[in-house]
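Listed here are the chains, written in short residue letters.
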Amino acid sequence: MESIAVALQPYKDTVGLTAAIVTVVQFFSGVLALNAIRRQGNTRGFSALPFLGGTVFCLLNIQFGQMLRDDGMIRVNFIGLALNLLYVCAFYLYTEGPAKTAVWGQIGLAGALTAGVLSYVQYEDPQLVEFRFGLILTGLLWTLKKSTEGLPFPIIFLGAVVSFAWLLYGIILRSNFLVVQNLIALALSAVQLSLFIIFPSGAAKPPPTPAKKRN
């Protein structure tokens, strides 16, 4: 990895900017889900967890960006944080009746998780915190990728591009956990994309049933 990092070092700013741009574009993919909710008029069949998970992940990545002293990572996650908070608010507005209570419970759990992790970071040994914090982010990333299964092909493909861009940037920064996180994300995206190849949308449709002849 060291030789790749050295070779890519002159392109650090370009790779970082590209990663930031494609990540912001991916953040806007939440608009597609909200538009579907708007057309339906309610949130039945949808979950707030991807938006809440995105909020938590962006908050923690802001902290991770501070550890790495990487302003680009901090800025892009601030944008993601703002967008995901808007998505959560919009989701709540379209939630009906008793389901609002469940959303509040999920918001409370997300807030408690975030507060707990950020508090832990403040008191952990500085020599250990980056390693352990990276493990937490990797586990959260795995959960988020699993919760977005079934998304449309363009969104999954864009997620793969985002993961690849941050993988390259992690190599340049020599950040093992940034590399590991995005290798995992890239692998999961590859599995999801392979399903579109193995089971194309038209292949799963059964042949039309012939009409029965009337006597």
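Small disclaimer: the values here were computed from a predicted structure and weren't measured.

## So, the overall build of the chain
For the chain, the count of helices and strands is nine helices and zero strands. Ordered by position in the sequence, the α and β elements of the chain form the string α-α-α-α-α-α-α-α-α. Within the chain, the proportion of its 215 residues that are buried is 40%. The contacts in the chain between residues at least 6 apart in sequence include a share of 77% that link residues at least 24 apart. Split by element, the accessible area of the chain, about 12800 Å² in all, is 68% carbon and sulfur.

## Regarding the UniProt feature "transmembrane region" (unreviewed entry) in the chain
The sites that UniProt annotates as "transmembrane region" (unreviewed entry) are residues 15–34, 46–64, 76–94, 101–121, 151–172 and 184–204. Secondary structure over residues 76–94 splits into 100% helix and 0% strand, and the C-alpha atoms at its two ends are 27 Å apart.

## Remarks on helix H5 (residues 71–94)
Taking 1.5 Å of rise per residue, the 24 residues of H5 would be expected to cover 34 Å, and the 35 Å separating its terminal C-alpha atoms lies within 8% of that figure. Those residues of H5 that fall on the buried side of the exposure criterion are Met73, Ile74, Val76, Asn77, Gly80, Leu81, Leu83, Asn84, Tyr87, Val88, Ala90 and Phe91. With a side-chain oxygen lying 3.2 Å from the backbone nitrogen of Gly72, the N-terminal cap of H5 falls on Asp70.

## Focus: the packing of helix H4 (residues 49–68) against helix H6 (residues 99–123)
Interaxial distance between H4 and H6 falls to 10 Å at its minimum, and their mutual angle equals 15°. With respect to H6, the axis of H4 lies roughly parallel. H6 is crossed by H4, and the crossing has right-handed handedness. Where H4 abuts H6, its residues Leu49, Leu52, Val56, Leu59, Leu60, Gln63 and Met67 lie against Gln106, Ile107, Ala110, Leu113, Thr114, Val117, Leu118, Val121 and Gln122. Within the contact of H4 with H6, the residues separate by chemical class into 12 nonpolar, four polar and no charged.

## Description of the pattern of salt bridges
Applying the stated criterion to the full structure yields one salt bridge. Of the charged contacts in the structure, one is a salt bridge between Glu96 and Arg44, with a shortest N-O distance of 3.1 Å. In this pair, Glu96 sits in the loop between H5 and H6 while Arg44 sits in the loop between helix H3 (30–40) and H4, placing the two residues 52 residues apart along the sequence. Arg44 sits in the exposed class, given a relative accessible area of 56%.

## Quick notes on H6
Look at H6: 37 Å from first C-alpha to last across 25 residues, which is about the 36 Å you get at 1.5 Å a residue. Where H6 is concerned, the buried positions are Val103, Ala110, Thr114, Val117 and Val121.

Thresholds, definitions, all that
Sequence order sets the numbering: in each chain, residues are counted from 1 along the sequence as written. For this predicted model, a pLDDT threshold of at least 70 governs which residues receive local features, and a threshold of 80 or more governs which side-chain atom pairs are given and counted, while totals over whole chains, interfaces and linings are taken from all residues. With hydrogens and water set aside, each side-chain value is computed from the structure's full complement of heavy atoms. Secondary structure elements follow DSSP: runs of H or I of four or more residues count as helices, runs of E of two or more count as strands, with numbering from the N terminus. Each residue is placed in one exposure class: buried if its accessible area under a 1.4 Å probe, protein chains only, is under 20% of its type's maximum, exposed if it is over 50%, and partly exposed if it falls in between. In this description, contact between two residues means that some pair of their heavy atoms is separated by no more than 4.5 Å. In short, Shrake-Rupley with a 1.4 Å probe defines the accessible areas, and a residue's cover is counted only from the protein chains shown. UniProt positions are given in the numbering used here, feature names are shortened, and annotations may be inferred rather than shown by experiment. Expected helix span is taken as 1.5 Å per residue step, with the number of steps being one fewer than the number of residues. Residues adjacent in sequence count toward polar contacts only when both atoms are side-chain atoms; beyond that, a polar contact is any pair of N or O atoms within 3.5 Å, and within protein one must be able to donate a hydrogen and the other to accept it. Between N-to-C directions, angles span 0 to 180 degrees; the directions come from axes that are lines fitted to C-alpha atoms, helices contributing only their stretch in contact. Any angle that falls under 35 degrees is termed roughly parallel, while one over 145 is termed roughly antiparallel, one within 65 to 115 roughly perpendicular, and all others oblique. By definition, any crossing whose near helix is turned counterclockwise from its far helix by less than a right angle is left-handed, and any crossing with a clockwise turn is right-handed. Following the grouping adopted for this structure description, the nonpolar residues are Ala, Val, Leu, Ile, Met, Phe, Trp, Tyr, Cys and Pro, the charged ones are Asp, Glu, Lys and Arg, and the polar ones are all others, Gly among them. A pair is scored as a salt bridge if a Lys or Arg side-chain nitrogen falls within 4 Å of a carboxyl oxygen belonging to Asp or Glu.

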